[in-house]
Amino acid sequence: MEDANRNHLISPDKSECCLHDHAASAHEHMITLAANTIYTCPMHPQVRQVGPGNCPICGMTLEPVTVALSDKPDPELINMTRRFWVSVILSAPLLVAVMGQHITPWLHQTLNSDTGRWLQLVIATPVVLWGARPFFKRGWKSIINRSLNMFTLISLGVGVAYGYSVAVTLFPEWFRAFAGGDRIPDVYFEPAAVITALVLLGQVLELRARSQTNSALRALFDLAPKTARLVQPDSGEIDIQISEVKPGDLLRIRPGEKIPVDGVVTEGSSAVDQSMLTGESMPVEKQPGNKVTGATLNGTGGLVMQAERVGLDTMLSQIVAMVAKAQRSRAPIQRMADVVSGYFVPVVVITAIVTAAAWWIWGPEPKLAYAVLNAIAVLIIACPCALGLATPMSIMAGTGRAARAGILIRDAAALETFEKVDTLVIDKTGTLTEGKPKLVNLVAVKGFDETSLLRMAACLERGSEHPLAAAIVRGATDKNLELTAATDFQSLTGKGVTGLVEGKKVALGNKALLQSLNVGSDELEKLAQPFRAEGQTAMLISVDGKAAGIVVVADPVKQTTPEALKLLRKEGLKIVMLTGDNQATAKSVAKKLGIDEIEADVLPARKAEVIQSMQNNGRKVAMAGDGVNDAPALAAAEVGIAMGNGTDIAMESAGITLIKGDLMGIVRARRLSHAVMSNIRQNLFFAFIYNALGVPVAAGILYPFFGILLSPIIASAAMAFSSVSVITNSLRLRRATL
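These numbers come from a predicted model, not from an experiment.

As a further point, take the confidence of the model for the protein. The predicted model of the protein averages 80 in pLDDT, with 81% of residues at 70 or higher. Across residues 1–35 the pLDDT falls below 50, and counting only partners more than four positions away or on other chains, this stretch makes 60 contacts in the model.

Turning to helix H7 (residues 150–170), a few remarks are in order. Across its 21 residues, H7 extends 30 Å between first and last C-alpha, which sits within 8% of the 30 Å expected from 1.5 Å per residue. The element H7 is extensively covered by neighbouring structure, given that 15 of its 21 residues are classed as buried.

We now examine the sheet that holds strand S18 (residues 504–509). Taken in spatial order, the six strands line up as S15-S20-S19-S18-S17-S16 in an open sheet, and their pairing is antiparallel. Across the chains shown, the open sheet's two edge strands, defined by having one partner strand only, are strand S15 (438–444) and strand S16 (487–492). On average, each strand axis in the sheet is inclined to that of its neighbour by 20 degrees, with strand direction left out of account. Contacting S15, S16, strand S17 (496–501), S18, strand S19 (537–543) and strand S20 (546–554), helix H18 (residues 450–461) runs over the sheet at an angle of about 130 degrees to S15.

Below, the discussion takes up a nonpolar patch on the surface. A cluster of nonpolar side chains, Trp118, Leu170, Phe171 and Trp174, forms an exposed patch at the surface whose accessible area comes to about 480 Å². Structurally, tryptophan 174 can be placed in helix H8 (residues 172–179).

An order of S5-S4-S6-S12-S7-S10 is seen for the six strands of this open sheet, with the pairing classed as antiparallel. In this open sheet, the two strands that pair with only one neighbour each are strand S5 (237–241) and strand S10 (291–292). The pairing of strand S4 (residues 227–231) with strand S6 (residues 250–253) spans two bridges and is classified as antiparallel. By the bridge assignment for S6, arginine 229 is matched with arginine 252.

A few words on the pattern of salt bridges. Considering all chains together, one arrives at 15 salt bridges under this definition. Of the charged contacts, one joins lysine 420 and glutamate 416 as a salt bridge, the two residues approaching to 3.7 Å between their closest N and O atoms. For glutamate 416, a relative accessible area of 7% puts it in the buried group. Residue glutamate 571 pairs with arginine 670 through a salt bridge whose shortest N-O separation is 3.7 Å.

Turning our attention to the nonpolar core. Judged by nonpolar contacts, the single largest core of 56 residues is most densely connected at Phe418, Leu424, Leu565, Ile641, Ile656 and Ile666. Here this core gets 10 residues from one element, more than from any other, and that element is helix H27 (residues 664–699). Setting aside chain neighbours within four positions, we find isoleucine 666 in contact with Phe418, Leu424, Leu568, Ala624, Ile641, Met643 and Leu658. Leu77, Tyr164, Val166 and Ala699 belong to the second-largest nonpolar core, a separate cluster that totals 54 residues.

Time to look at the packing of aromatic side chains. The full count for this structure, using the stated rule, is six aromatic pairs. Aromatic side chains tryptophan 359 and tyrosine 703 sit 5.2 Å apart centroid to centroid with 65 degrees between the ring planes, which places their arrangement in the edge-to-face category. You can see tryptophan 359 sitting in helix H13 (residues 334–362) and its partner tyrosine 703 sitting in helix H28 (residues 703–706), a full 344 residues away along the chain. A relative accessible area of 8% places tryptophan 359 in the buried class. One aromatic cluster is present, formed by Trp359, Tyr370 and Tyr703 through successive ring pairs. Sitting over the ring of tryptophan 130, arginine 83 keeps its end group 4.9 Å from the ring centre.

For a regular strand, side chains alternate in direction, first toward one face of the sheet and then toward the other. Burial analysis of strand S24 (residues 639–643) places five of its five residues in the buried class, the great majority of the element. Burial along S24 is two-sided: Val639, Ile641 and Met643 and Gly640 and Ala642, pointing in opposite directions, are all buried. Note that S24 and strand S25 (residues 656–658) share three bridges and pair parallel. Looking at the pairing, alanine 642 lines up with threonine 657 of S25.

With that settled, consider unusual backbone geometry. Backbone geometry at alanine 295 places phi at a positive 80 degrees, although glycine is not the residue there. Position of alanine 295 relative to the elements: it lies in the loop between S10 and strand S11 (297–298). A relative accessible area of 4% means that alanine 295 is categorised as buried. In this model, aspartate 488 sits at a positive phi of 55 degrees, which is unusual for a non-glycine residue. Assignment of secondary structure puts aspartate 488 in strand S16.

Reading the values: the criteria
Residues numbered from 1 in each chain as written. Predicted model: local features only at pLDDT ≥ 70, side-chain atom pairs only at ≥ 80, totals over all residues. Heavy atoms only, no water. pLDDT = per-residue confidence, 0-100. Contact = heavy atoms within 4.5 Å. Helix = DSSP H or I, 4+ residues; strand = E, 2+ residues; numbered from the N terminus. Expected span 1.5 Å × (residues − 1). Buried < 20%, exposed > 50% of the residue type's maximum accessible area, 1.4 Å probe, protein only. Pairing = 2+ DSSP bridges. Axes fitted to C-alpha atoms, helices over the stretch in contact; angles between N-to-C directions. Patch = residues over 30% accessible without salt bridge, like charges linked within 9 Å, V, L, I, M, F, W, Y side chains within 5 Å. Areas by Shrake-Rupley, 256 points an atom, 1.4 Å probe, with all protein chains shown as cover. Salt bridge = Lys/Arg side-chain N within 4 Å of Asp/Glu carboxyl O. Core = buried A, V, L, I, M, F, W, Y, C linked by side-chain atoms within 4.5 Å. Phe/Tyr/Trp six-rings, centres within 6.5 Å; stacked < 30°, edge-to-face > 60°. Lys NZ or Arg CZ within 6 Å of the ring centre and 35° of its normal.

Shown next, in the form of structure tokens:
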């Protein structure tokens, strides 16, 4: 088996190299499926080859590793559809004639005459030799590769029916003598042709379903602009193709245009609609210094941005690549189906042989006809295509639905494991909270005005690069306060800053700073104490040597966090907060959110140890975080969940990435996990029950009691229906409520 597939196995390194060596843009790269594109099997991702073909293990059509984003129809779908309609047109007269012979004696005599048999041969031959040719090729490969699969059974069933009928047509007298009767046995061109048409119908429906699972990604990429407006050093502007944009280029985005690539705003302000990536309906204000993402929609303001990530490095390209990879991955539950399939086909072939022998020995006359028909029915109805589709179709539909909800699933294993998680460990900063300090309060003592105090503090802090300083400046800007430059600015390490603002000596910092300036701070310390008890940072302000007030800065809890935690608890998850902050701050945040279990003052290396300790106690742990310091813990957990607003290394270490960086994404991911795994179990149940009931009926177990036999045509229709039921059930996930 390994030797047979050696030419189909390509190392991941080689595959990735093929994908990333192109200099073209992501859009061009994804649309162009050249001869050197890597193809793989959805059911057997280890099978990878250059160019299209069929899986040597299961016979299914290989799919490109990259997602085909053009609107051009799938050539495999076109091919199978053409074969299907030709087969239907030719099979229909055979089916009508065979059914009609039970009503019209003349038609019965005609079909069973030499002329009738030759006419059926002429009509059925194109269907079997051309329409079913892909099945025969795949069936033959399955035999020489010693990997029997669904196409082994299909090719055997159709081949036996057609071959037997051809032999009877060519040598009718020999079969008359062999059957020991006074009449020539019936031919079965009609079952061979109709079975081919039905199997082709199943292939067409499956290919269409696979195409639909990628429709969300294709629609997403279609939103990306094809050109960008380059701002040249001489102040001129020209339109260029997206593929020509390089990191560092300045690009102008006019009102109503789409952001061409990922980058940072350098000029202007506007509200950007990011709903196509994050699912957030409200536009997000963008100002100089803010990040923007390619393919999002600019509002009414004009922007100039500096390109940072282009081509395959953009967020959009990474989303498509990650989802495509997840769709090709295998959930652990699929191993059960693989094990069953490995034994199933040989058992079915043996069952068909035993069925033929039993009918030949003990069946009624004509024994040969009964033996052939029931053996064919067993081969066709037992086709394990539904079993093979059960898991991959659910994974493909589920990961596509997740992408539309702003959830990126790295692989199917993460989706399956997340359903079993009982403990969710959440990093505080940037996950529970916004991760950015924010001005939350300002208290002025008697004799000072809060607005003027904030303006002086912001003017002073404009000279500082500290995150707390940025929060104060941003708070004043939000209130539309006019800021001026401070003079004689000094930053005193461990204390704060001082300077002259409009001729007034202003100091902003801690108690030590005011004491060094001989300013009484007792009143301000009393004002600050309640805020500090809540885990907030309170800074003292003095103006011209007098205590003036306090400025309070905090990292606020995200608005959706309380509701998300409430819903996660309903899901049965135990919530644990993990943070490097001090115990007081951690307890304050935990109290607000109703979190009982906290781990504070935790260093990055210690975070992974905390996760492992929980696992040693029998917990199934998921970890949510956004920073570099969270990467070891994300990797150590059964499921790592990265916030999309975090660092790249955190996202690379995680099994699930939330593009919006919102805890509600975890709620949606949990619901998706339940929905997908439930869907897979339903599919496996359909497949197993179908075969468990269908094979004995096809073998004729009901005939001695009720006189019921299963026609090969009915068996083929039932086989197609089982596949369609699995596909239809899987596609329900595209509309799953998250």
